[in-house]
Amino acid sequence: MDKIIKKTFINFDDLKIRESIKVFIAEEFNKYLKLNENVEKDVKKISNNINIIDKIFEIIHFVTSKPLVNYDEISSNINIKDKKILHLLFKIIRNINSFQDIIIKKGLGTKYYKNLIIPLIKSKSIENFLNKKYSFPFRVGLFPGLSCMFKCSFCGRNYDAVYNRDYAEKGIEIFKKVIDEAPNNDPSRFFISGGLEPLTNPKVAELIDYLKLKKFNAAMYTNGYMLTPKFLEKNPSIFNLDSLRISFYGVNDEKTFDVTNKKQSFKIVTDNIISYLKLKNKYNSKTSFGINFVILQNSSEDIIDLFTLISKINSKIGNNKNNFNFVTLREDFRILGSRMSNEERRKLSQNIKKIEYMIQNDKYLHNIHIDYGFALEPIRNGFIGDKFENNFASIKDLQILGVPQARVLADLYGDIYLFGEAGFLDRPGAKKYIIGNLFKQKTMSNVIGEFIKNKKEIEVIEHDRDFLDAWDHVAIKLANQQKLNTEFGIPLSESFLNIEYISEMLNINHKVHYSS
């Protein structure tokens, strides 16, 4: 039965291995009972009425594939109405380590658990939100960009909006005050992104330096257009970043122009990557470097061209090896975006196998870490049916508005946004998701404290769901899940999750560029 636990992915719907999984569960269950006589007594009381092995299997199957399901849904799904029985089943699952391994590491929901659910639970940000208790946000996005040279087809921003240049410095100063205010128990608390392109702010190096001075990691997302040798010469602090992720918008000139509406953007960004990597090696920079690539509809073959291009870039660096630490592959998650068909998802699954073969057999791709995120991890494992849009927050979910104890975004004007895709200057409809202003209210504590005390009345409409990025969808669904679970009457400490064991198992060091 070791074959079960050694699998990297378990498809519970595969009838060929279903019985093997149940046999494994029975063996682990019987070992546990021998060591826990009190539990064995409780089990005997209900064993005549239900098949415990089947029920444990059903729960593990359900929560592995649907990590945002609530207890009431579990109860209905496995047809157990007695909360005491459900509580006992949770206790058994919680205390058998191999069951925890399966739930967290081997199912459709693994990225949800590892990238966000467990870190958010550990941070107590969801708990604090539900208890209307202030805590500094678990993650804070700092948006220093003044403008953006791209007009990306899938970007919801106002293309004409730019920040007043006076706030290039004023905004950085207000960011410094937020950094000063932040607890120092989590080095990965902040990330630099946009909003608009962060490298358009001439003071961005000052922000990097200040984060490092205050012992925080400095992680940046950029489109890379301004990352020229001249810019790097003037801003050597770029090489002190802990991580740098370039949003890469196409695998050739034509496709990149189709997205960015900027001529020569493919060549300029590609050349900038080459020059950056050469200088990174020259200065012995320890920055973790990678790119993010969104797979658009009917373009799954692009990932093969992408990794072919990465190999070519590496061959030009001159050190005879791979220089990319990671690639994050994402599906277009916009509510109003075009979804992949099942046939296209099958093609993508095949193409993922091809790029993983390329990585194994090309020295210029060796050791690249690919993060597939919530949507693509199941496809990577050949499971076509699970779709990220099935876990989108609904209009009803959005009635809680947002979870500022989990994450907020701050821009140069000091506005604090609830959602990742709302933080674009003058984006139509987004201003209602500004919960406060740092220039007016002075501190993050004041902003969030006021939000907790006097919840905003916002008319949520269908289009508003497009202001949420993948993080927001999961965080809001998780908050609603935990709220319903509390009302159900089983606390988190008595759930099917063993947070202490999982934390040790994963040795969680949450990295912002793997957060979605």
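Presented here is an overview of the structure given in this document. All values reported here derive from a predicted model rather than from experimental measurement. Position numbers for residues count from 1 along each chain, tracking the sequence in the order it is written. Confidence filtering applies because this is a predicted model: local features only for residues at pLDDT of at least 70, side-chain atom pairs given and counted only at 80 or more, and all residues used for totals across whole chains, interfaces and linings. To obtain the side-chain values, all non-hydrogen atoms of the structure were used and water was disregarded.

Further remarks concern the packing of aromatic side chains. Here is the rule: rings of Phe, Tyr and Trp (six-membered ring for Trp) pair when centre to centre is within 6.5 Å. Planes less than 30 degrees apart are stacked, more than 60 are edge-to-face, and the remainder are tilted. Following the criterion strictly, the structure yields 22 aromatic pairs and no others. Aromatic side chains Tyr71 and Phe90 sit 5.1 Å apart centroid to centroid with 55 degrees between the ring planes, which places their arrangement in the tilted category. Of this pair, Tyr71 sits in helix H5 (residues 71-77) while Phe90 sits in helix H6 (residues 83-94), and the two are 19 residues apart along the sequence. Exposure is judged per residue with a 1.4 Å probe applied to protein chains only, and the accessible area is read against the type maximum: over 50% gives exposed, under 20% gives buried, and values in between give partly exposed. Classification of Tyr71 as buried rests on a relative accessible area of 2%. Relative to Phe266, the ring of Phe248 lies with its centre 6.1 Å away and its plane at 65 degrees, an arrangement referred to as edge-to-face. Linking Phe248 in strand E4 (residues 243-248) with Phe266 in helix H14 (residues 265-282), this pair joins segments that are 18 residues apart in sequence. Relative accessible area serves as the criterion here: at 5%, Phe248 is assigned to the buried category. Assessed through its relative accessible area of 13%, Phe266 is described here as buried. In this arrangement the basic side chain of Lys83 is found over the ring face of Phe488, its NZ or CZ atom lying 4.5 Å from the centre. We note Arg139 situated over the ring of Phe138; from NZ or CZ to the ring centre the distance is 3.9 Å. A run of H or I in DSSP becomes a helix once it reaches four residues, and a run of E becomes a strand once it reaches two; helices and strands are each numbered from the N terminus. Comment: the charge-over-ring label is applied if NZ (Lys) or CZ (Arg) is within 6 Å of the ring centre and within 35 degrees of the ring normal.

Within a regular strand, side chains alternate between the sheet's two faces. Residues Ala219 and Tyr221 point to one face of strand E3 (residues 219-222) and Met220 and Thr222 to the other, with burial holding for every one of them. Relative to E4, E3 is paired through 4 bridges, and the arrangement is parallel. When the bridges of E4 are listed, Met220 appears paired with Leu244. Between the parallel pair E3 and E4, the chain is carried across by helix H12 (residues 229-234), and the sense of this crossover is right-handed. A pair of strands counts as paired when DSSP detects no fewer than two bridges linking them. Note on handedness: a clockwise path from strand one over the helix to strand two, with the strands aimed away from the viewer, defines a right-handed crossover.

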